[in-house]
Number of protein chains: 2
Amino acid sequence: MTEHTASFDGVLDAASCLAGVAVRTPLIESPALNERLGGRVLLKAETLQVAGAFKFRGAYNRISRLTDEERSRGVVAYSSGNHAQAVAAAARMMGTSAIIVMPADSPKVKVEGVIAFGGEVRFYDRYTESREAIGEEIASTRGSVLVRPFDDPFIIEGQGTTGLEIVEQSQALGANLDQLLCGASGGGLIAGINLSMAARSPSTRVIGVEPQAYNDTQISLAAGERLTHPPVETPSICDALMTDRPGELTFPINRRLEKVVTVTDAEVAEAVRYAFRTLKLVVEPGGAVSLAALLAGKVETGGLTTAVVLSGGNVDPGLFAEIIEGRFAR
Amino acid sequence: MTEHTASFDGVLDAASCLAGVAVRTPLIESPALNERLGGRVLLKAETLQVAGAFKFRGAYNRISRLTDEERSRGVVAYSSGNHAQAVAAAARMMGTSAIIVMPADSPKVKVEGVIAFGGEVRFYDRYTESREAIGEEIASTRGSVLVRPFDDPFIIEGQGTTGLEIVEQSQALGANLDQLLCGASGGGLIAGINLSMAARSPSTRVIGVEPQAYNDTQISLAAGERLTHPPVETPSICDALMTDRPGELTFPINRRLEKVVTVTDAEVAEAVRYAFRTLKLVVEPGGAVSLAALLAGKVETGGLTTAVVLSGGNVDPGLFAEIIEGRFAR
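Remember, predicted model here, so these are calculated numbers, not experimental data. (Residues numbered from 1 in each chain as written. Chains lettered and ligands numbered in written order. Predicted model: local features only at pLDDT ≥ 70, side-chain atom pairs only at ≥ 80, totals over all residues. Heavy atoms only, no water.)

Each helix and strand in chain A was counted, giving 14 helices and 10 strands. For 330 residues, the compact-globule formula gives about 20 Å, and the C-alpha radius of gyration of chain A, at 18 Å, lands near that figure. Restricting to contacts in chain A with at least 6 residues of sequence separation, those with at least 24 account for 73%. Of the side-chain charges in chain A, 31 are positive and 39 negative, and the distance between the mean point of each set is 4 Å. (Helix = DSSP H or I, 4+ residues; strand = E, 2+ residues; numbered from the N terminus. Rg over C-alpha atoms; globule rule 2.2 N^0.38 Å. Contact = heavy atoms within 4.5 Å. Lys, Arg positive; Asp, Glu negative; His and termini not counted. Charge placed at Lys NZ, Arg CZ, Asp CG, Glu CD.)

Below, the structure is given as structure tokens:
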């Protein structure tokens, strides 16, 4: 691995690397949502990114830094699904192969996405096997580079371009961002965004959002050190946000977070339904936690300008149908 | 009524009137769709417009031209749903009341939308009653102004702002539009777009799209006069596009169309599913006909730059669930 440390200069480099390759996703404003919340809300639709989630930014930025020789040996990644698809898509664009280690209970749409992008899938059991160990083993056996989901400076910097665009796009709208909400799992996206906001919009409060039972970033910030959340009996509807504890590289950056709030699965389902019905956007549960926090009143919005990252839209049709028809209950 | 004639100057006036009120909806590009079609496709997401469809542009532009006295008597409109919601929303913004004449079989989501915007609903039977007659009667009894769905120059000019934005946004992307696809029902949107394209991008071919059995614009263009399509036994999945014949004011403008192609309900359902799965956008059947025409190969796209209007996103959750789960069959 490189000695490179994640920085805002690296975010700017990543932006050059991604220009014309990643989608510059729109910052969407909904008069209905503004009215409901009594403030101004700007939605960064990373659902419209290549492979349906912000993850492509980091994956492409990382893989583009490989040497020709590294690229010839292919890459390997472990992921609950969005990073998986992103690595497969980026690998294909750069003419290398990808093996993806995915939980056996990954959403079907994410597994199909990996295969459609030409990736090879290796399933593992989320509860009995270590994805890190399997990934490392494949990497060492084949000599492939492991593309980590968040603990890699190039990944963090790639995701940080989301924040850079939010600042540029909100300035173009004449908006001054009071706060920005973003989901936290391993913390790569929100760490990258923190780098961008610290450099370009330091007065904007960055707030993390986690599923209630997967609040490892919240308890880690309170404790001042990386902690693992207590064991959880049933998985969250937010399959993309079920990491056990903050990343080694991401956590130090995320210490600058204003706070972390949590949302229940029912609140997330309501946000997914609202996005369908009123915003006309397809947002996956894990991608809707920030919107859920606003709609559930976990964060004040009255009179404020709030940016929200809708981080992904890869959701199985069956679950989406359950949610929008009001049949989802947990 | 006014003696005003629809023109591109009127479109520019409408753009000023709508600034800061209507959403400047994004022109979205999907690398996956470009790859599938072998060309460049730019999607105008009017699904993200106020009240979920382009209709707000025309309705607001029309109602804003009323005198204070006219406004005090309220407005009336007839509509299958999207114009209904748009008139209710625009009326509320301008402090007037709205009575909306809607088919008894309108999608529930559209009826609820009208009520949520404070409109009053009067149902009629699509097969035995005349909505025009009911609308005219309410207008004459109450002295209300009838806000027509398409045969009104201010409506046509308001819808035309969609085309103006498409030209401006595609130029900002450095794209030169070879062709533009848009659904045709009464023809207000595509007429307004024709005004804008004739003035600002005359070499762009504008192509209309209709549901197969509701091809009145297609047969009218072929005949050189306004014709009514043959009777249809079952309604189309495209509830928004079931007008019998082209408008009196819209048809002369739409004579400049390159051609009109048609799509089946199955092709439309596939486009709605594709929009969910790959584009992460909620598009109603009537709003997806242009995308359906591309995906079904009804129009050549290889090596071309094509703009597509996704005209609305108001679809009942039950039908949407059927379509995305592959249970829809007709």
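Our next topic: the packing of aromatic side chains. Scanning the entire structure with this criterion turns up 7 aromatic pairs over all chains. Taking the centre distance of 5.1 Å and the plane angle of 45° together, the rings of A:Phe276 and B:Phe320 count as tilted. Placement of the pair is A:Phe276 in helix H12 (residues 265-279) and B:Phe320 in helix H14 (residues 317-324), with the two residues belonging to separate chains. The pair A:Phe276 / B:Phe320 is uniform in exposure class, with both members buried. One aromatic cluster is present, built from ring pairs that chain together A:Phe276, A:Phe320, B:Phe276 and B:Phe320. (Phe/Tyr/Trp six-rings, centres within 6.5 Å; stacked < 30°, edge-to-face > 60°. Buried < 20%, exposed > 50% of the residue type's maximum accessible area, 1.4 Å probe, protein only.)

Next up on the list: the environment of A:Ala6. You can see A:Ala6 is positioned in the segment before helix H1 (8-18). Residues A:Ala6 and A:Ile156, 150 residues apart in the sequence, show an inter-C-alpha distance of 6.7 Å.

Attention shifts here to the sheet that holds strand E4 (residues 98-103) of chain B. Sheet strands pair by backbone hydrogen bonding; their relative direction is either parallel or antiparallel. Residues and elements named next belong to chain B. Here 4 strands make up an open sheet; going across it, the order is E5-E4-E3-E6 and the pairing parallel. For this open sheet the edge positions go to strand E5 (120-124) and strand E6 (145-146), each flanked by a neighbour on one side alone. Pairing of strand E3 (residues 75-78) with E6, which is carried by 2 bridges, proceeds in the parallel orientation. Opposite Val76, over in E6, you have Leu146 as the bridge partner. (Pairing = 2+ DSSP bridges.)

Glancing now at the interface of chain A and chain B. The interface of chain A with chain B comprises 29 residues on the first partner and 29 residues on the second. Linking chain A to chain B there are 4 salt bridges. Among the ionic pairs, B:Glu112 bridges to A:Arg277, the shortest N-O distance being 2.4 Å. Mapped by element, the contributors of at least two residues to the side of chain A that touches chain B are strand E1 (27-29), helix H2 (31-37), helix H6 (108-116), H12 and helix H14 (317-324) of chain A. With 5 residues, the single largest contributor to the side of chain A that touches chain B is H14(A). Residues belonging to the side of chain A that touches chain B are distributed by class as follows: 16 nonpolar, 5 polar and 8 charged. (Salt bridge = Lys/Arg side-chain N within 4 Å of Asp/Glu carboxyl O. Nonpolar A, V, L, I, M, F, W, Y, C, P; charged D, E, K, R; others polar.)

Below, the discussion takes up the nonpolar core. One finds A:Leu33, A:Leu291, A:Phe320, B:Leu33, B:Leu291 and B:Phe320 to be the most contacted residues of the largest nonpolar core, which totals 82 residues. Excluding residues within four positions of it along the chain, A:Leu33 makes contact with A:Val41, A:Leu43, A:Tyr274, A:Leu279, A:Leu291 and A:Leu295. If you look at the next biggest cluster of nonpolar residues, it comprises 30 residues, including A:Ala22, A:Phe56, A:Met102 and A:Ile155. (Core = buried A, V, L, I, M, F, W, Y, C linked by side-chain atoms within 4.5 Å.)

On to the side chain of A:Thr262, then. Looking at where A:Thr262 falls in the secondary structure, it is placed in strand E9 (residues 259-263). With residues near it in sequence (within four places) discarded, A:Thr262 still touches A:Glu210, A:Pro211, A:Gln212, A:Asn215, A:Gln218, A:Glu267 and A:Lys298.

This part takes up the relation of the copies chain A and chain B. The transform that puts chain A on chain B rotates by 180° and translates by 0.0 Å along the axis, for an RMSD of 0.0 Å. Overall, the copies show the geometry of a two-fold rotation axis. A high fraction, 100%, of the interface residues of chain A reappear at the interface in chain B, so the copies pair face to face through one surface. (Least-squares fit on C-alpha atoms with pLDDT ≥ 70 in both.)

Residues and elements named next belong to chain A. Two elements in contact, H1 and helix H9 (residues 188-200), have axes whose closest approach is 9 Å; the angle formed by their N-to-C orientations is 105°. Taken as axis vectors, H1 and H9 run roughly perpendicular relative to one another. Listed contacts from H9 to Phe8, Val11 and Leu12 of H1 are Gly192, Leu195, Ser196, Ala199 and Arg200. Taken together, the residues of the contact of H1 with H9 break down into 5 nonpolar, 2 polar and 1 charged. (Axes fitted to C-alpha atoms, helices over the stretch in contact; angles between N-to-C directions. Parallel < 35°, antiparallel > 145°, perpendicular 65-115°, else oblique.)

If you trace the backbone, B:Val87 turns up in helix H5 (residues 82-93). Linking B:Val87 and B:Val261, residues 174 residues apart in sequence, is a C-alpha distance of 29 Å.

Residues and elements named next belong to chain B. Spatially, 6 strands are ordered E1-E2-E10-E7-E8-E9 in an open sheet, and the strand pairing comes out mixed. Two strands bound the open sheet, and with one partner strand each, they are strand E1 (27-29) and strand E9 (259-263). The mean angle between the axes of side-by-side strands here comes to 30°, regardless of whether they run parallel or antiparallel. With 6 bridges connecting them, strand E2 (residues 40-45) and strand E10 (residues 305-310) associate as parallel partners. Paired with Ala45 across the bridge in E10 is Leu310.

Here we take up the pattern of salt bridges. All names here are of chain A. Taken as a whole and assessed by the stated rule, the structure comprises 36 salt bridges over all chains. Between Glu29 and Arg40 there is a salt bridge; the shortest N-O distance is 2.8 Å. Note that Glu29 is positioned in strand E1 and Arg40 in strand E2 (residues 40-45), a separation of 11 residues in sequence. One salt-bridge network, held together by shared partners, links Lys44, Glu46, Arg57 and Glu165.

Phi is positive for A:Lys280, close to 65°, though the residue is something other than glycine. For B:Ala51, which is not a glycine, the phi torsion comes out positive at approximately 65°. Counting through the fold element by element, B:Ala51 comes out in the loop between E2 and helix H3 (55-63). A relative accessible area of 15% means that B:Ala51 is categorised as buried.

Before going further, it helps to examine the pairing of E5(B). The pairing of E4(B) with E5(B) spans 5 bridges and is classified as parallel. Looking at the pairing, B:Ile99 lines up with B:Glu120 of E5(B).

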